Every structure is written in structure tokens, then in C-alpha cells.
Amino acid sequence: MMPGSLGLDAMWQMIGYWLGWSGSPGKGRAIGVGEVDATGFVTPETRCVRYEVAMRMVRRGKLVLGIADGRVLADGTCVFTAKDMRVGLTKAVE
């Protein structure tokens, strides 16, 4: 079985990737999550795993911050949800 923490990490990475893709420089760092709920499992028999992330807020200033809700679906059934996932982008220090 896939641990739920891997599903959460995958969604955090999607948020960080989107922030960079949409024009903000830096490396993504998971800052936190509000509410997490696991209602099922991803098992070796699972044929398709889909990750969905809905951006709720993006702040671009000194700190680039993305807040989103997301879910993990196993063969079309929602098995994991997360609300208020927060990712910040850090800039490289020269």
C-alpha cells in the first residue's frame, strides 16, 4: 500500500511546480496543511492514481505562497483529501 504521506507530498509538489511554471522563481517548500482525510487506499491492485489540486489563493510578493485543496483518486474513487495545503517558494541566496 502507498502511505498517505506520499499522496500529500505529491500534491505539495504539484503546487510548487505550478507556482514556478506560472512565473515565480524559487524552490518550493511545503509549509503546512489544514485538514487531511484518508478514506481508502492505493494498493498494488490499483490501476490508475490521479492527483487533483485546486489553487485557492496565490500571493506574490516577498514571499510567494500558494494555498490549495486537493484529492487523490484510486481507480476513480477518492481515497485521500487535503485542505489548505500551503507551499512557499524560497529564492536562492547569493
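Rules used in this analysis
Residues numbered from 1 in each chain as written. Predicted model: local features only at pLDDT ≥ 70, side-chain atom pairs only at ≥ 80, totals over all residues. Heavy atoms only, no water. Helix = DSSP H or I, 4+ residues; strand = E, 2+ residues; numbered from the N terminus. Buried < 20%, exposed > 50% of the residue type's maximum accessible area, 1.4 Å probe, protein only. Contact = heavy atoms within 4.5 Å. Core = buried A, V, L, I, M, F, W, Y, C linked by side-chain atoms within 4.5 Å. Expected span 1.5 Å × (residues − 1).

Novice: It is not clear to me how the environment of G16 should be interpreted in this structure. Could you clarify?
Specialist: Summarising the element assignment, G16 is placed in helix 1 (residues 4-21). A relative accessible area of 13% places G16 in the buried class. Put simply, G16 and C78 are 62 residues apart on the chain and 22 Å apart in space, counted from C-alpha to C-alpha. If sequence neighbours within four positions are ignored, G16 has contacts with V87 and L89.

Novice: Could you clarify how one ought to interpret unusual backbone geometry in this entry?
Specialist: Keep in mind that most residues, glycine aside, have a negative phi and that most peptide bonds are trans. The residue D75 is not glycine, and still its phi comes out positive at about 50°. Tracing the backbone through its elements, the reader meets D75 in the loop between strand 4 (64-74) and strand 5 (77-90). For D75, a relative accessible area of 43% gives the class partly exposed. In this structure, D84 takes a positive phi of about 60° despite not being glycine. Locating D84 in the fold gives a position in strand 5.

Novice: How should I be thinking about the nonpolar core in this particular structure?
Specialist: The nonpolar side chains of a soluble globular protein tend to be buried, and buried together. Of all hydrophobic cores here, the largest spans 16 residues; its most connected members are L8, M11, I15, L19, V79, F80 and M85. Broken down by secondary-structure element, the contributors of at least two residues to this core are helix 1, strand 4 and strand 5. It is strand 5 that contributes the most residues to this core, 6 residues altogether.

Novice: How do you make sense of helix 1 when you look at a structure like this?
Specialist: Every α-helical turn comprises 3.6 residues, leaving residues that sit three or four positions apart pointing alike. Taking 1.5 Å per residue as the helical rise, helix 1 with its 18 residues ought to reach 26 Å, and the 26 Å between its terminal C-alpha atoms agrees with that figure. By the burial criterion, the buried members of helix 1 are G7, L8, M11, W12, I15, G16 and L19. Contacts from the buried residues of helix 1 go to strand 1 (27-32), strand 3 (49-60), strand 4 and strand 5. After helix 1 finishes, the residue G23 shows a positive phi value of roughly 115°.

Novice: It is not clear to me how the environment of R47 should be interpreted in this structure. Could you clarify?
Specialist: Looking at the element boundaries, R47 is found in the loop between strand 2 (35-38) and strand 3. Look at R47 and you get exposed, because its relative accessible area is 79%. Sequence spacing of R47 and L63 is 16 residues, and the spatial spacing of their C-alpha atoms is 39 Å.

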